[in-house]
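Summary of the model geometry
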Amino acid sequence: MAKAGDTGRTIPVVLLCLGALLCGNLILYLYVETLYKSSGPLEYLDDEPVCPRAHFSLKATRNCTPWLSCEAVRREVRPLRLTGQGAVKQVFLSEWKGNKVALSRLSSEEFLDDFLHGLDMLKSLQSKYVVTLIGLCMEDHTIVTEYHPLGSLANINVVFSFEKYKNLNTWHNRFRLAMEYVFIINFLHNSPAGTRVMCDSSDLNKTLSQYLLTNDLHLVANDLDALPLVDKNANDGVKCGHRELFGNFVAPEQLWPYGQDVQFTDKRMPSYDEKTDIWKIPDVTDFLLGQVEGSDVVRFHLFDTHKSCKQQDPTARPSSRTVLEAYKSAYVTLIKGNMAHAARDML
Ligand SMILES: Nc1ncnc2c1ncn2[C@@H]1O[C@H](COP(=O)(O)OP(=O)(O)O)[C@@H](O)[C@H]1O
Ligand SMILES: [Mg+2]
């Protein structure tokens, strides 16, 4: 039988444990709150340029080096093997002074304009949102960029099946990647080079293949070969290519509006704007969330935002900034909910 003295000692101990638990939770709550308010880690990448213009730094070195010239690219960059191939470029895993780099070569003269446009954008948009440019040689049509061994975002499910990344296959990380995707879209829509539309995105796989996964599972935009400018002042829209587009992945305003009986012509095709990227966000996010515990709860929280992204009328769709804010708020709500759940379980 428990003695009265034992009970007297047990109560303060229980109270102490409860107090410690509550304090722990309070600290965690405050931490999440600061994450949100400071827009620190949630702004996964800050805007601060790492190096001055026309310079780069690699994670291994940290100091800023001028972009490699033609001569340096020819002399110092050694291609090892073909690692990727799109319509415009062949990409070779290469070596430069002991570093792994990617050497991209124009695959056909037919795409020279796209290649040059991509290079121009790569130079203008250097930031933490975009793959690091290391060197270029206009004469040889080659570009050297930082190499990311995990490849494009299209590999995400394969990457999560690797032993090293298995534990990271959670709704948190998947949602964070979707959020980073929206960060990049928002960066392109408000970029130093104006409002840019990610046009190389006529289907899901193509869209995913334009972004690279870093070793620490962040996202950078890589292929900037089709980023036309929306000139709001001149009321000038864009067209993604000169050919007819089909399917549900592209926005409705990207489809030929005059019916099957009328022959498609680029000239008669109406232009559109950056809201085509907003239309595609729900499909990209849906793919990124995958089927892990908790991903359906995220889907539920994003339901209304995604519904508005899928408005037929592009002007009724939210801006990338609004989508981003909705994502951040859903993320914080879910993290807080998870913590409250964990605290209840502990009690
Ligand atoms: N820096 C890089 N590191 C690793 N893989 C890359 C890199 N750059 C490109 N790749 C791979 O090559 C593919 C094609 O590159 P991309 O620049 O999109 O060429 P294209 O303009 O022809 O579409 C990418 O989807 C990716 O798989
Ligand atoms: Mg590509």
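Residues numbered from 1 in each chain as written. Chains lettered and ligands numbered in written order. Predicted model: local features only at pLDDT ≥ 70, side-chain atom pairs only at ≥ 80, totals over all residues.

- Per an unreviewed UniProt entry, the protein carries the name Protein O-mannose kinase and comes from Erpetoichthys calabaricus.
- UniProt, in the comment section headed Subcellular location (unreviewed entry), describes the protein in these words: "Endoplasmic reticulum membrane".
- What the UniProt record of the protein gives under Catalytic activity (unreviewed entry) is the line "3-O-[beta-D-GalNAc-(1->3)-beta-D-GlcNAc-(1->4)-alpha-D-Man]-L-Thr-[protein] + ATP = 3-O-[beta-D-GalNAc-(1->3)-beta-D-GlcNAc-(1->4)-(O-6-P-alpha-D-Man)]-Thr-[protein] + ADP + H(+)". (UniProt positions renumbered as here; feature names shortened; annotations may be inferred.)

**Considering the sheet that holds strand 7 (residues 142-146)**
- Ordered by their spatial adjacency, five strands build an open sheet running 3-4-5-7-6, and the pairing between neighbours is antiparallel. Each edge of the sheet is formed by a strand with only one pairing partner; in this case those strands are strand 3 (77-85) and strand 6 (133-137). For this sheet, the mean angle separating the axes of adjacent strands, direction not counted, is 25 degrees.
- Where strand 5 (residues 99-106) lies against strand 7, five bridges are found, and the strand directions are antiparallel. Within strand 7, the residue paired with A102 across the bridge is T145.
- Each of strand 4 (89-96), strand 5, strand 6 and strand 7 is contacted by helix 3 (residues 112-124), which is oriented at about 140 degrees to strand 6, the strand it contacts most. (Pairing = 2+ DSSP bridges. Helix = DSSP H or I, 4+ residues; strand = E, 2+ residues; numbered from the N terminus. Axes fitted to C-alpha atoms, helices over the stretch in contact; angles between N-to-C directions. Contact = placed C-beta atoms within 7 Å.)

**Looking at helix 8 (residues 275-289)**
- Taking 1.5 Å per residue, 15 residues should reach 21 Å; helix 8 reaches 22 Å between its end C-alpha atoms and fits that length.
- Remark: the principal bend of helix 8, roughly 35 degrees, maps to I281, with a proline, P282, within the next four residues.
- The buried fraction of helix 8 amounts to 12 of the 15 residues, a majority that puts the element mostly inside the structure.
- Among the residues trailing helix 8, G290 stands out with phi positive, at a value near 55 degrees. (Expected span 1.5 Å × (residues − 1). Bend = angle between axes of the 7 residues up to and from the residue. Buried ≥ 20, exposed ≤ 12 C-beta atoms within 10 Å, placed from the backbone.)

**A word on the environment of T170**
- Its place among the elements puts T170 in the loop between helix 5 (163-166) and helix 6 (171-189).
- Owing to 14 C-beta atoms within 10 Å, T170 belongs among the partly exposed residues under this scheme.
- Spatially, the C-alpha atom of T170 lies 8.2 Å from that of S295, the residues being 125 residues apart in sequence.

**Some points on unusual backbone geometry**
- Phi at A54 is positive, roughly 65 degrees, even though this residue is not glycine.
- Note that A54 resides in the loop between helix 1 (4-37) and strand 1 (55-56).
- A positive phi is found at K97, a non-glycine position, where the angle reads about 45 degrees.
- With respect to the helices and strands, the residue K97 is situated in the loop between strand 4 and strand 5.
- Among the residues examined, K97 registers 13 C-beta atoms within 10 Å and is labelled partly exposed.

**Focus on the packing of helix 8 against helix 9 (residues 295-309)**
- Following both chains from N to C, one finds helix 8 and helix 9 inclined at 170 degrees, their axes separated by 10 Å at the closest point. Regarding the angle of helix 8 to helix 9, the classification is roughly antiparallel. Within the contact between the two elements, helix 8 uses I278, W279, I281, P282, T285 and L289 and helix 9 uses S295, V298, R299, L302, H306 and C309. (Parallel < 35°, antiparallel > 145°, perpendicular 65-115°, else oblique.)

**A few points about the site of ligand 1**
- Close contacts around ligand 1 come from 22 residues, with G84, G86, V88, A102 and D223 the closest.
- For the shell around ligand 1, the secondary-structure elements that each account for two or more residues are strand 3, strand 4, strand 5 and strand 7.
- Classifying every residue of the shell around ligand 1 gives seven nonpolar, 11 polar and four charged.
- Two domains each put at least three residues into the shell around ligand 1: domain 1 (55-146) and domain 2 (153-346). (Near = placed C-beta within 6 Å. Nonpolar A, V, L, I, M, F, W, Y, C, P; charged D, E, K, R; others polar. Domains from an automatic or database assignment.)

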